[in-house]
Amino acid sequence: MNFDNKVVLVTGANRGIGKEIVSALLTRNVKKIYATSRDIANLPDFADTRISALQLDITDPQQIVEAAKSASDIDILINNAGIAAFASLLDSPLNVLEQDMNTNYFGTLNMIREFTPLLEGKESSAIVNMVTIGAFVNFPMIGGYCASKSALFSLSQGIRIELAPKNISVHTVNPGPIDTDMAKEFDMEKTSPELAAENTLLGLEAGEADIFPDQTGKGMFDLWSNNYRDLEKAVYDMHHG
Ligand SMILES: NC(=O)c1ccc[n+]([C@@H]2O[C@H](COP(=O)([O-])OP(=O)(O)OC[C@H]3O[C@@H](n4cnc5c(N)ncnc54)[C@H](OP(=O)(O)O)[C@@H]3O)[C@@H](O)[C@H]2O)c1
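Residues numbered from 1 in each chain as written. Predicted model: local features only at pLDDT ≥ 70, side-chain atom pairs only at ≥ 80, totals over all residues. Heavy atoms only, no water.

(A) Molecular detail of the overall build of the chain. Tallying secondary structure elements over the chain gives seven helices and seven strands in all. Computed over the C-alpha atoms, the radius of gyration of the chain is 17 Å, within 12% of the 18 Å expected from 2.2 N^0.38 for a compact globule of 241 residues. Along the longest, intermediate and shortest principal axes, the C-alpha atoms of the chain span 50 × 35 × 35 Å. The 241 residues of the chain split such that 48% are buried. Considering only intrachain contacts with a sequence separation of at least 6, the fraction spanning at least 24 residues in the chain is 65%. Split by element, the accessible area of the chain, about 11500 Å² in all, is 50% carbon and sulfur. Side-chain charges in the chain split into 19 positive and 32 negative, and the spacing between the mean points of these groups amounts to 4 Å. (Helix = DSSP H or I, 4+ residues; strand = E, 2+ residues; numbered from the N terminus. Rg over C-alpha atoms; globule rule 2.2 N^0.38 Å. Buried < 20%, exposed > 50% of the residue type's maximum accessible area, 1.4 Å probe, protein only. Contact = heavy atoms within 4.5 Å. Areas by Shrake-Rupley, 256 points an atom, 1.4 Å probe, with all protein chains shown as cover. Lys, Arg positive; Asp, Glu negative; His and termini not counted. Charge placed at Lys NZ, Arg CZ, Asp CG, Glu CD.)

(B) Representation of the sheet that holds strand E7 (residues 210-211) in the model. Read across the open sheet, the seven strands follow the order E3-E2-E1-E4-E5-E6-E7; overall the sheet is parallel. Of all the strands in the sheet, the pair left with one neighbour each is strand E3 (51-55) and E7. Here strand E1 (residues 7-10) runs beside strand E4 (residues 76-79); their pairing, made up of three bridges, is parallel. The residue of E4 that forms the bridge with Val 8 is Ile 76. (Pairing = 2+ DSSP bridges.)

(C) Representation of the site of the ligand. Residues in close proximity to the ligand total 28 residues, the closest being Asn 14, Arg 15, Arg 38, Tyr 145 and Thr 180. Arg 38 is positioned such that a nitrogen or oxygen atom in its side chain is 2.7 Å from an oxygen atom of the ligand. In the environment of the ligand, an oxygen atom lies 2.9 Å from a nitrogen or oxygen atom belonging to the backbone of Ile 178. Surface burial for the ligand is 94%, taken as the share of its 890 Å² of free accessible area covered by protein chains. Breaking the shell around the ligand down by element, the ones donating at least two residues are helix H1 (16-26) and helix H4 (143-163). By residue class, the composition of the shell around the ligand is 13 nonpolar, 10 polar and five charged. (Near = heavy atom within 4 Å. Polar contact = N/O pair within 3.5 Å; in protein donor to acceptor, adjacent residues only side chain to side chain. Nonpolar A, V, L, I, M, F, W, Y, C, P; charged D, E, K, R; others polar.)

(D) Broad picture of the packing of helix H2 (residues 61-70) against helix H3 (residues 94-119). Remark: H2 packs on H3, axes separated minimally by 10 Å, with the N-to-C direction vectors making an angle of 30°. Between H2 and H3, the interaxial angle falls into the category roughly parallel. Crossing hand, H2 versus H3: right-handed. On the side of H2, the interface is formed by Ile 64, Val 65, Ala 67 and Ala 68, while H3 contributes Gly 107, Asn 110, Met 111, Glu 114, Phe 115 and Leu 118. (Axes fitted to C-alpha atoms, helices over the stretch in contact; angles between N-to-C directions. Parallel < 35°, antiparallel > 145°, perpendicular 65-115°, else oblique. Left-handed = near helix turned anticlockwise from the far one by under 90°.)

(E) Highlighting the pattern of salt bridges. All told, the structure shown has 13 salt bridges when counted by the stated rule. Two residues, Glu 120 and Lys 166, come together in a salt bridge whose shortest N-O distance is 3.2 Å. Placement of the pair is Glu 120 in the loop between H3 and strand E5 (125-130) and Lys 166 in the loop between H4 and strand E6 (168-173), with a sequence separation of 46 residues. Exposure remark for Glu 120: the relative accessible area of 32% places this residue in the partly exposed category. Residue class for Lys 166 comes out partly exposed when judged on its relative accessible area of 41%. Each of Arg 28, Glu 198 and Glu 205 takes part in salt bridges that share partners, so that together they form one network. (Salt bridge = Lys/Arg side-chain N within 4 Å of Asp/Glu carboxyl O.)

(F) View of helix H6 (residues 215-226). Its 12 residues place the ends of H6 16 Å apart at the C-alpha level, agreeing with the 16 Å of an ideal helix rising 1.5 Å per residue. Among all positions of H6, only Gly 217, Met 220 and Phe 221 are buried. Buried residues along H6 cover an arc of 100° about the axis, so they all sit on one side. Exposed residues on H6 whose side chains face more than 90 degrees from its buried face are Gln 215 and Asn 226. (Expected span 1.5 Å × (residues − 1). Arc of directions from axis to C-beta.)

(G) Spotlight on the environment of Lys 149. Inspection of the secondary structure assignment puts Lys 149 in helix H4. On the basis of relative accessibility, which here comes to 3%, the residue Lys 149 falls in the buried class. Look past the residues within four positions of Lys 149 in its chain and what remains in contact with it is Asn 104, Met 130, Val 131, Thr 132 and Ala 135. Among the polar contacts made by the side chain of Lys 149, one reaches the main-chain carbonyl oxygen of Met 130 at a distance of 2.7 Å.

(H) How the structure looks around helix H7 (residues 228-240). A rise of 1.5 Å per residue sets the reference length of H7, with its 13 residues, at 18 Å; its end C-alpha atoms lie 19 Å apart and thus fit the reference within 8%. In the stretch just after H7, Gly 241 is the one whose phi turns positive, near 75°.

(I) Representation of the environment of Phe 136 within the structure. Residue placement: Phe 136 occurs in the loop between E5 and H4. Looking at Phe 136, the relative accessible area reads 14%, which means it is buried. Separated by 84 residues in the primary sequence, Phe 136 and Met 220 place their C-alpha atoms 8.9 Å from one another. Every residue in contact with Phe 136, bar those within four places of it in the chain, is listed here: Phe 153, Asn 174, Phe 212, Phe 221, Trp 224 and Leu 231.

In structure tokens form, the structure reads like this:
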């Protein structure tokens, strides 16, 4: 993937990894970035005329339709927005688990359904979905989140196959723990969002379909690749001490 002269839309661009993806994109020769946020008042001042701020809650179908009208010139869609409930699959209220699914899976799916027609017919275009290493193994303290991201990984595989003849490439990004608000409850070594964002763009530039932007996540993926039960065993040990 080449970012030269491309128009990129990033969801959840106001903080965390999304904000750093926008900053990393600004070091490339992109034409325009739609920096989207549920509340544009929360967007940082990126101090660059290539930024176009757009209000977008990915769980609101009407806002998605409006955003697609405003950003009809996009080449690259980066679905970064997400939430994580720290809750057990067994005894947390069902609506808490549903919220993860509604944002991470259905919200992202609705974005893809609305924006894909705009990506068709471009010389090269791409959809990038921010997943997690938790799509490969379920961490019980964020069980519903991991399930929603497994669904997102599966969705990404499906549309990758479906969209290949249309020249739209589909990528997943699968971080381990990254030092953002989302991971503040995790008492473990975390990678900076700046490095995760830069490695994400380097992975995209290298044409990688599935990107592992930090060492911890990559190490977990290597365990999974060797034998998926090895990673499950590691999480068992982590969970039960
Ligand atoms: N941090 C990690 O360890 C980690 C690891 C693996 C994957 N990820 C993934 O990386 C992505 C970014 O997470 P982060 O770590 O940067 O977390 P974060 O700091 O909590 O940021 C989450 C971003 O998503 C936005 N968002 C949430 N719900 C939204 C909605 N309905 N519509 C639009 N935007 C919404 C938030 O906006 P508001 O400010 O309005 O809430 C915020 O901008 C997520 O998809 C997450 O699952 C994170």
